[in-house]
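# Notes for the structure review
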Amino acid sequence: MWGGRFASGPAEIMEEINASIGFDKRLAPQDIRGSLAHVAMLGAAGILPPEDVAAIEAGLKTVESEIAAGSFVFDRALEDIHMAVESRLTEIVGPTAGRLHTARSRNDQVATDMRLWVRDTLDALDAQAADLQRALAETALKHAGTVMPGFTHLQSAQPVTFGHHCLAYVEMLGRDRGRFRDARVRLNECPLGAAALAGTSFPIDRHATAAALGFDRPTANSLDSVADRDFALEALSAASICAIHLSRFAEELVVWTSAQFNFVKLSDGYTTGSSIMPQKRNPDAAELVRAKSGRIIGALTGLMIVMKGLPLAYSKDMQEDKEGTFDALPALSLCLAAMAGMVRDLEPVADVMKRAAGSGYATATDLADWLVRELGMPFREAHHVTGRLVGLASGQGIGLEELPLTAMQEVEPRLTDAVYAVLGIENSVASRTSYGGTAPANVRTQAERWLKELGPA
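From a predicted model like this one, the values you see are computed outputs, not experimental measurements.

## Let's talk about the packing of aromatic side chains
- Using the criterion set out here, one finds seven aromatic pairs in the structure.
- Plain terms: the ring middles of Phe 249 and Trp 256 are 6.4 Å apart, the flat faces sit at 75° to each other, and that makes the pair edge-to-face. Trp 256 carries the same exposure label as Phe 249, and that label is buried.
- Between Phe 261 and Phe 263, the ring centres sit 5.1 Å apart and the planes meet at 75°, which makes this aromatic pair edge-to-face.
- The class for Phe 261 is partly exposed, based on a relative accessible area of 23%.
- The buried category is assigned to Phe 263, whose relative accessible area is 3%.
- In this arrangement the basic side chain of Arg 119 is found over the ring face of Phe 215, its NZ or CZ atom lying 4.8 Å from the centre.

## What to know about the nonpolar core
- Leu 132, Leu 136, Leu 246, Leu 253, Leu 332, Leu 336 and Met 339 are the most contacted members of the largest nonpolar core, which totals 95 residues.
- Per element, the largest residue contribution to this core is 15 residues, and it comes from helix 10 (residues 230-256).
- Contacts of Leu 253, omitting those with residues within four sequence positions, involve Val 264, Ala 286, Met 339, Met 342 and Leu 346.
- Counting residues in each nonpolar core, the second largest holds 22 residues, with Ala 407, Val 411, Val 422 and Leu 423 among its members.

## As for the state of the cysteines
- In the structure shown here, the tally under the stated rule is zero disulfides.
- Considering cysteine sulfurs only, Cys 242 is the nearest to Cys 335, which forms no disulfide, with 8.7 Å between them.
- Assessed through its relative accessible area of 3%, Cys 335 is described here as buried.

The rules we used
- Residues numbered from 1 in each chain as written.
- Predicted model: local features only at pLDDT ≥ 70, side-chain atom pairs only at ≥ 80, totals over all residues.
- Heavy atoms only, no water.
- Phe/Tyr/Trp six-rings, centres within 6.5 Å; stacked < 30°, edge-to-face > 60°.
- Buried < 20%, exposed > 50% of the residue type's maximum accessible area, 1.4 Å probe, protein only.
- Lys NZ or Arg CZ within 6 Å of the ring centre and 35° of its normal.
- Core = buried A, V, L, I, M, F, W, Y, C linked by side-chain atoms within 4.5 Å.
- Helix = DSSP H or I, 4+ residues; strand = E, 2+ residues; numbered from the N terminus.
- Contact = heavy atoms within 4.5 Å.
- Disulfide = S-S within 2.5 Å.

This is the structure in structure tokens:
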């Protein structure tokens, strides 16, 4: 279709490196949507006669049905999805098909197709992230009072609840969804009509085309229209941050399901066995979620490197925007689905988590706070006194709550029996009533708020 200037066809290796039909055929639905909007605009603007518009529209719908039915032949010699669709359209309606490409280029065509695909995918990812939030909030409500250790440096720090831990990821996913929506707003401008790079002399109506495709407006600069891929970069950036959040939670599931922790159980549906060790139950779904963050982040890095040195406007380098994006965003979709499944599947081992929450002197901060609150002690002094008491208990191999009052009073004479009330983990958790704290009442309020906001599945 571009061979008028050329006396012979491409070398075999040129065809190998140049063709994109093997992966950009994924854009077929978007390509046909764009072409239908374009030809309708050409007719409305009086650029094409009604009979040509009708023939092209009917032919495009035939191509669309063939692709949907799986009978369409994607010929690599035709290079990309745009030429494949136009070639088949020509077979169906004859030379009239050539009028479809009036006032556009493959440069603005592919930019439009990619924006449509990324926009559709962001909408789907947002819905999946909301479903995972819902699963987490439901689990949080159910386990608002299930005590577990909270960690810093992966060392037992202070008691929290399992529900509170789940809500942390609900908040992260809320920000992820905000980034998906923000990226969608910025990408929702239509490049179609920018043509190769300079616009067109035909009296086209770009606002009509943009509206027909659900864009907010047409892009305002023809050079930027075909040279821009930051909409894909931003989508991949948002996806990478979301993947990091999922990877962190996946890592915790891997740790928690180990025999050494035994904090949660996953069923047969989300674990696998070993070919040699019959006792094994491996958290492979979580491990794969953790691993897939690498390919998602890699796609972002790869496209940034592709784009960083390109002059305006279009260069063939930009064909490399597709494979990474087509791989990364569906990979995130799979991770979101797997994580939602695991959250709904898992069962906390409450007694194990409770015992672990009381180990490692996790209520030491509660003791320090009691010294401040009840004895009027400056916090730094209370920190020092508490540290001495922890050292005393550690030296005897017992918990703080097991230290006799007389031994405590050797460190701080003003201590009374009342101090034992804050050394229990349930009391510690219940006392964290500050906004955003882990008190069960707080967790229930936040979980119910999120479930109301998210609505039914």
